[in-house]
Amino acid sequence: MTEQLTSPPNDADGGLSNRLGAETSPYLLQHRDNPVAWQPWGEEAFDRARETGKPVLLSVGYAACHWCHVMAHECFESPEIAGLMNQLFVNIKVDREERPDVDSIYQAALALLGEQGGWPLTMFLTPEGEPFWGGTYFPPSPRYGRPGLPQVLHGIAEIYANDRARVTKNTTALKDALASLSQNQPGEAITLPMIDQVANRLVREFDMRHGGIAGAPKFPQPAIMKLLWRAWKRGGPLSLREACALTMTKMSQGGIYDHLGGGYARYSVDAVWLAPHFEKMLYDNAQLLDLLGWLWQDTKDPLYEQRIRETVAWTLREMIADLDGSGTSPSGAFAATLDADSEGEEGKFYVWSEEEIDSLLGDEAQLFKAHYDVSARGNWEGKTILNRTARPELADADTERRLADARARLFAERSKRIWPGWDDKVLADWNGLMIAALAELGPLFAEPDWLAAAETAFAFVCREMVRDGRLHHSWRHGRLKHPATLDDYANMTVAALALFEATGSRAYLDQAETWIDALDRHYWDADQGGYFLTAADTKGLIVRTKTPHDNAVPSGNGMALTALAKLFYLTGKEAYRSRAEALITAFSGEITRNFFPLATLLNGAEILISAVQIVIIGTRGEPETDALVAATRGLCLPNRILQVIAPDEALPESHPAHGKTQSEARTTAYVCHGPTCSLPITDPAGLVTALGGAPAS
C-alpha cells in the first residue's frame, strides 16, 4: 500500500528545527540543510520526545557511506517525507564514527530483531532510548523487496500510538537481550595449540584463487591474516602463508587499490577485488600497512614495499587533518575518511574511459592499457577501474618506469577533478592505529619522516584530545567532543609503546602506563572481567557493551591485551601480567562458540605466551647500536619486545637480562625467551641468527 504524502501543518514538528549546523562532524553537517528537524544525540532530544509523546527515529551513518548518501537524497531531502518524519517522530542523527558506543548498541538491537546490520541504520526508539523496531536503508517507495520509508513511518507511528503493549513487549525483550552485551563467556588460559587450531580452521575459509575469505563481498580481514602469518611462522603449514601472500598480492594489484594515488578502499563488492565501494578509511590502511610490513620482512617482495611507500605517501599527502578548515594549517593528526562519491556519483573520481587514457598518454597508452585492464567497453558500468589483476607480476624495470610515468600523468589529471568528500575529524582510536604502523615502518625502511609524522600525530592527540586528564574520542577544527572509548585508550597505548620501541623516549612508556591505569579505573568490569567499551561515567546509554570481537577495526579488548602483555615485558610489573591473564580468561570461552572474530585477542595472547625480548646495550645514534637495531627490525618478529638501553641503565630486576652488560665495551645484544637469554651478541649477522636466521624467501 502506498501513502499519499502531504506537507504537515507549520507546527507539526513540535517547534523543533534542524540543529545539526552547530555540530562538528562532516557527516552531520551534510544533513544540516535537510528539511528533517534533525537533532544531535543527547538528553535534550530525548526530553523533547518525552514532552511530545513521540517515538524517536534514530538514523546512524557516516560521511563516506554510499547508501547513506542515497537514502539522504531520496528521503531526507524530500520535503514531503521530511514533513512526515517531523510530524510523527523526534529525529536524531548520529555519526557512527563519532559515537561508536551508540552505534554498537543499536546495531546489536537490529541483529536481535533478525535483520542484517549496516549503514544507514534506521532504528525506532522510545523516549527512553529503548529500541523496538528497525532496519537499514529504506527507499522512498517500495523497491528491492523493501517497504518505502513513508509506509514504515506510518506503520511504526500507528503501532506506537495504538498498540503500546506490542511496543513494550519488544522493548522488554530487546532490553533483556541487550543486557547480554555486557556478559562474558569466560574460559581457561589460551594456549598456542588452541591458536593453531583456530588458524588451521580459518585458512579453510580462504579463496585460494583470488585470496580473501571466499565469496562476495570481500573485506581485507587484516587481523585474521596476522593470525595466519603468526601460525605459519610458528611452524604451521605453508597454506597459512600462501593465503596471506595471495590475498595481499591480489588486493594490491586489484581495483580495491588506488593505483594512481595509493591507499586501499574499504572492501570489494565482488570476489576478485575489482570493484570496491570506493571510500578510503584511515583504519583499513593503517592495519594493511602494518600487515604489509610483516610480509615484506619475510619475503622482500618489491610489490609490498611499493604499496607501503605509496600508501604512506597518500596518508601524509591527503589525510592530514586541518586545524581550522582553511586548508593551510595542518594539524599533524590524521583525518578519518575519503568519500566514495563525488558529484553525487559513486567512484566517479577514480574511474576512466579508454578515450581519456588514449588522449592523455598518447604513444604510451597501449602499454598502459595492456597492464591496467583498459578497454573500450570498460570493466565496471562502462568505465574502467584500473587494476593489474590479469598481470599481477611486476614487469622489467624499464616497463615499470614507463608505467610509473604514465600513472603520474594520470594522477595529475585526476587531481583536477572534483574530489570526493573528506571527513577530516580526528579520531583517537584510528590515529592510534596509523601512528603505530608508521612507528614500525619508519625505522624499517629508514624513513625518518614517517616516524616524525607518527610522533607529531601522537603529540597532537596528547595535547588537543585530553581534557581534565581524560582522553576524548573526536576532534575537529578546534572542538573536542565525546568521551573516549576503550578503543581510543587501547589503540593509543599500543601506539605509545611502538613509539617507545622506535625512539627509546621514556615519555612514551610513561604515557602508556597512564592510559592503562585510566582503563583499569574507568572501564574494567570488576565483577566479570574484561573492559567495557564505555567508561563508567559515560552518560545517555541504555547499556554498557563489552566484547572481544573484531569488526572493521581490531577489538579494543584485544588491543588492550596486546598493550598489557608488552607493558609486562617492558616494565617487569607483575600487575600487567595478572591483568592480561584475567582479560584472556574473561573471554576465552568465546573460542568454542565463535572464534572467527577473535583474531586480535588471540594475537595478543600469543605475545604474552611467547614474547621474544631483545635488549641492546648501547647508545642510540651510534653506528654499532643502529646496525643491531636495523638487524632486529629487518626480521618479521610479531612477538618482538625491543629495548635499547644505555650502558649505565638497569633493566627491571625481573627481566631475564637484568645485570647483563656490554661485551668488551662494545654495543651488545641479548635475545631472551622466557627466563633464558642468549650469550652476548655484538654483530648484526649473529643477532639475525639468534633471532631465527635470515628472512624466509
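Structure shown above.
Residues numbered from 1 in each chain as written. Predicted model: local features only at pLDDT ≥ 70, side-chain atom pairs only at ≥ 80, totals over all residues. Heavy atoms only, no water.

Focus on the environment of Ala336
In step 1: Take Ala336: it is sitting in the loop between strand E10 (330-334) and strand E11 (337-338).
In step 2: On the basis of relative accessible area, Ala336 is assigned to the buried category, the value being 1%.
In step 3: In the structure, Ala336 is positioned 100 residues away from Gly236 in sequence and 37 Å away in space, judged by C-alpha atoms.
In step 4: Setting aside chain neighbours within four positions, we find Ala336 in contact with Glu97, Lys280, Met281, Leu282, Met319, Asp423, Lys425, Leu427 and Trp430. (Helix = DSSP H or I, 4+ residues; strand = E, 2+ residues; numbered from the N terminus. Buried < 20%, exposed > 50% of the residue type's maximum accessible area, 1.4 Å probe, protein only. Contact = heavy atoms within 4.5 Å.)

Structural notes on the packing of helix H10 (residues 238-253) against helix H12 (residues 302-318)
The packing of two helices is summarised by the inter-axis angle and the distance between the axes.
In step 1: Relative orientation of the contacting elements H10 and H12 amounts to 55°, with a least axis distance of 11 Å. On the basis of the axis angle, H10 is oblique to H12. Pair H10 / H12 crosses with left-handed handedness. Between H10, through Ala245, Met248, Thr249, Ser252 and Gln253, and H12, the contact on the second element is made entirely by Leu303, Tyr304 and Arg307.
In step 2: Grouping the amino acids of the contact of H10 with H12 by side-chain chemistry returns four nonpolar, three polar and one charged. (Axes fitted to C-alpha atoms, helices over the stretch in contact; angles between N-to-C directions. Parallel < 35°, antiparallel > 145°, perpendicular 65-115°, else oblique. Left-handed = near helix turned anticlockwise from the far one by under 90°. Nonpolar A, V, L, I, M, F, W, Y, C, P; charged D, E, K, R; others polar.)

Section: the pairing of strand E4 (residues 121-125)
In step 1: Here E4 lies mainly inside the structure; five of its five residues are buried.
In step 2: Burial along E4 is two-sided: Leu121, Met123 and Leu125 and Thr122 and Phe124, pointing in opposite directions, are all buried.
In step 3: Bridge count for strand E2 (residues 56-61) against E4 is five bridges, and the pairing is antiparallel. Considered in E4, the bridge of Leu57 is made with Phe124.
In step 4: In this structure, E4 lies alongside strand E5 (residues 131-135), joined through four bridges in antiparallel fashion. Pairing of Phe124 across the sheet is with Trp133, part of E5.
In step 5: Here E4 folds back onto E5, and the loop between the two strands holds five residues, one of which, Gly129, carries a positive phi near 85°. (Pairing = 2+ DSSP bridges.)

Let's talk about the sheet that holds strand E3 (residues 90-95)
In step 1: Read across the open sheet, the five strands follow the order E1-E3-E2-E4-E5; overall the sheet is mixed. What marks the edges here is a single partner per strand, and that holds for strand E1 (39-40) and E5.
In step 2: Packing against the sheet, helix H5 (residues 100-112) makes contact with E2, E3, E4 and E5, and its axis sits at approximately 85° to E4.

Focus on the nonpolar core
In step 1: Counting 169 residues, the largest nonpolar core has Leu153, Leu228 and Met248 as its most contacted members.
In step 2: When neighbours within four sequence positions are excluded, Met248 is seen to be in contact with Met225, Tyr264, Leu288, Leu291, Leu292, Leu295 and Tyr304.
In step 3: If you look at the next biggest cluster of nonpolar residues, it comprises 23 residues, including Trp41, Ala45, Phe46 and Leu121. (Core = buried A, V, L, I, M, F, W, Y, C linked by side-chain atoms within 4.5 Å.)

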